[in-house]
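# Close look at the chain arrangement
Here is how the chains run, residue by residue.
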Amino acid sequence: MSLVNIVSALGDNNSVYPLLVRDCGIENVAKCALTYKQNAKESKYIAREATRERIIDEYGTSAVWLGGVPLLNKVCDTFIKKSKFAPEVNLKLFNETASQGINVNIEKFKDKLPEITEQLKKVRDNKKTFQNLQAFKFIATTSIPIALMGFLLPKLNFLYTKNKNEKKKSLITQPFEGNSSLKPSMQGFLKEIKNSKKTNNVSFSGLEKLANLSNLQKMMILDAGLTAGRVKTGRNPEEKAELGFKMLLMCYLNYLAPKNIEKLLNKPTKKIFGINTSLDVKLLNSKDFIKEIKENKLALPKGIDEKSIIDFIDQNPTSSFVKQAQKTNLVSMLKNNIRDPRKYVETGKLAEFKKAIEEFASDAVKSGSVEKFAKKALYAKSFNTIANVAISSFLLAGVLPKVQFLFRKVLTKSDLDPGVKQYDKK
């Protein structure tokens, strides 16, 4: 992967890549080190125990994020395919408009893509069943990771610490605390799914929007569930309070702070250098894009309404506008350069994208040298992206643990981890 591609991935605050870099590459390491340092002020033994718990917790959670969630998505998609439906079909297509919708797309692509239009017909004619399958996928890909990360992992982690320190029965023969609270809900969930298959009367149409959430939005829901689970499994009121405080701050720093930092960095860039950094570095580094601006051959939709944007995509599938939109998942194109009629076109976001391109092109021409202006914009965007990751990483890995430990000190009058300090060997 080139440097431009890396910066592009890190600069997309609506994707999971910045989160993965901050979480696995920086935050986990720093948090584990700071956990040992903080607890060692009073007890080196507790420092080792708390750090071990932190390592298992942080990297166990990361393993579920990186491996478990994608695996669940694939398993659910396989199940939907075996049910003879195409999991790629977006439920938003049932919100029919004059320019896109399941019936509109069937009619428009029936000659070009007969196999795919048959898939759309299958979904259209079995709407409730397909909605149930998509709802099942949403529930499975959220509830299972939440159960693993928010309840099972901390319970096993705490049980190991208890068993190790009290020298009781082994972890395998120990009764799992909290199992009774999880088991009935899981049994009820499976029973509900089973009944929905039998009767087909259960409708999950209320989950239509949830089933089509972006990966980042799903991660926000998972973190909300993770927060609830961690607070629920805390070993005492002090640990519950600290975990709730930490998780709430972490959610803010992961999902809201990077966008706020991006805005703060972009304002002086625009004011001092006159450069709009809203475009992706891949586009700014594209020779074809720069050439199109310079030769006044930039192809863009005539308007910002849905019809203008969709008609442009279908008529200009190889344009810079469409290629970039595809890279940012605003539109999906098949290998034959035909728009995938199973996917929903985010025309609102594409309208904003068009405006940003027009503004950049106008500023570049006015500057007198399109190439120099584009190069400055590329450097400015790259700097802002790296600075954003650095600042948000520092806040997560450095500031957040310090604030957490201060909260602990005020609450418990101690530097020791409130869940582990009961095992202190004085």
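This section reports on the structure supplied with the text.

What counts, and at which threshold
Residues numbered from 1 in each chain as written. Predicted model: local features only at pLDDT ≥ 70, side-chain atom pairs only at ≥ 80, totals over all residues. Heavy atoms only, no water. Patch = residues over 30% accessible without salt bridge, like charges linked within 9 Å, V, L, I, M, F, W, Y side chains within 5 Å. Areas by Shrake-Rupley, 256 points an atom, 1.4 Å probe, with all protein chains shown as cover. Salt bridge = Lys/Arg side-chain N within 4 Å of Asp/Glu carboxyl O. Lys, Arg positive; Asp, Glu negative; His and termini not counted. Charge placed at Lys NZ, Arg CZ, Asp CG, Glu CD. Helix = DSSP H or I, 4+ residues; strand = E, 2+ residues; numbered from the N terminus. Buried < 20%, exposed > 50% of the residue type's maximum accessible area, 1.4 Å probe, protein only. Phe/Tyr/Trp six-rings, centres within 6.5 Å; stacked < 30°, edge-to-face > 60°. Expected span 1.5 Å × (residues − 1). Bend = angle between axes of the 7 residues up to and from the residue. Core = buried A, V, L, I, M, F, W, Y, C linked by side-chain atoms within 4.5 Å. Contact = heavy atoms within 4.5 Å. Axes fitted to C-alpha atoms, helices over the stretch in contact; angles between N-to-C directions. Parallel < 35°, antiparallel > 145°, perpendicular 65-115°, else oblique. Left-handed = near helix turned anticlockwise from the far one by under 90°. Nonpolar A, V, L, I, M, F, W, Y, C, P; charged D, E, K, R; others polar.

Let's shift gears to a positive patch on the surface. A contiguous patch of positive charge, built from K259, K263, K267 and K349, is present on the exposed surface. Here the positive patch gets 3 residues from one element, more than from any other, and that element is helix α10 (residues 237-273). With respect to the secondary-structure elements, K349 resides in helix α15 (residues 347-367). Residue K349 is classed as partly exposed on the basis of its relative accessible area of 49%.

The next subject is the packing of aromatic side chains. A full pass over the atoms with the stated rule returns 7 aromatic pairs. When the ring of F85 is compared with that of F130, the centres are 5.8 Å apart and the planes differ by 45°; the resulting orientation is tilted. With F85 in the loop between α3 (44-82) and α4 (102-109) and F130 in helix α6 (residues 127-166), this residue pair connects regions lying 45 residues apart in the sequence. F85 sits in the buried class, given a relative accessible area of 8%. What makes F130 buried here is its relative accessible area of 0%. Relative to F353, the ring of F321 has its centre 5.3 Å away and its plane inclined at 25°; by these criteria the two rings are stacked. Placement of F321 in helix α14 (residues 320-327) and of F353 in helix α15 is noted, with a sequence separation of 32 residues between them. The buried category is assigned to F321, whose relative accessible area is 1%.

Below, the discussion takes up the pattern of salt bridges. This model, assessed by the stated rule, comprises 24 salt bridges. Put simply, E359 and K270 hold a salt bridge, and the shortest N to O gap is 3.1 Å. Taken together, the residues E359 in helix α15 and K270 in helix α10 connect sequence positions 89 residues apart. By relative accessible area, which is 34% here, K270 ends up partly exposed. Its salt-bridge partner being R339, residue D314 comes within 2.8 Å of it at the nearest N-O pair. Residue D314 is located in helix α13 (residues 306-315), and its partner R339 is located in the loop between α14 and α15; the two are separated by 25 residues in the primary sequence. The network of salt bridges with shared partners includes E49, R52 and K164.

With 43 residues, helix α16 (residues 370-412) extends 60 Å between its outermost C-alpha atoms, agreeing within 8% with the 63 Å of an ideal straight helix rising 1.5 Å per residue. The largest bend along α16 measures about 35° and falls at V399, with the proline P401 one to four residues further on.

Moving on, we come to the nonpolar core. Ranked by internal contacts, the top residues of the largest apolar core, which has 33 residues, are L279, F289, I313, F321, L350, I357 and F360. Counting residues per element, the ones that place at least two in this core are α11 (281-284), α12 (287-294), α13, α14, α15 and α16. No other element matches the 8 residues that α15 contributes to this core. The residues contacting F289, other than those within four sequence positions of it, are L279, L283, L298, S320, I357 and F360. Grouped together as the second largest cluster of nonpolar side chains are 17 residues, M149, L226, L253 and L396 included.

One way to put it is that α14 packs onto α15 with a least axis distance of 11 Å and a crossing angle of 130°. Relative to α15, the element α14 lies oblique. As α14 runs across α15, the sense of the crossing is right-handed. Within the contact between the two elements, α14 uses F321, Q324 and A325 and α15 uses L350, F353, K354 and I357. The residue makeup of the contact of α14 with α15, split by class, is 5 nonpolar, 1 polar and 1 charged.

Moving on: a nonpolar patch on the surface. Together, V29, I55 and Y59 give the surface a local cluster of nonpolar side chains, amounting to about 260 Å² of exposed area. Looking at where V29 falls in the secondary structure, it is placed in helix α2 (residues 17-39).

Quick look at the environment of V322 now. Structurally, the position occupied by V322 is in helix α14. Exposure remark for V322: the relative accessible area of 0% places this residue in the buried category. For the pair V322 and L350, spaced 28 residues apart in the sequence, the C-alpha separation amounts to 9.4 Å. Contact partners of V322, with chain neighbours within four places excluded, come to F312, I313, N316, P317, V331 and M333.

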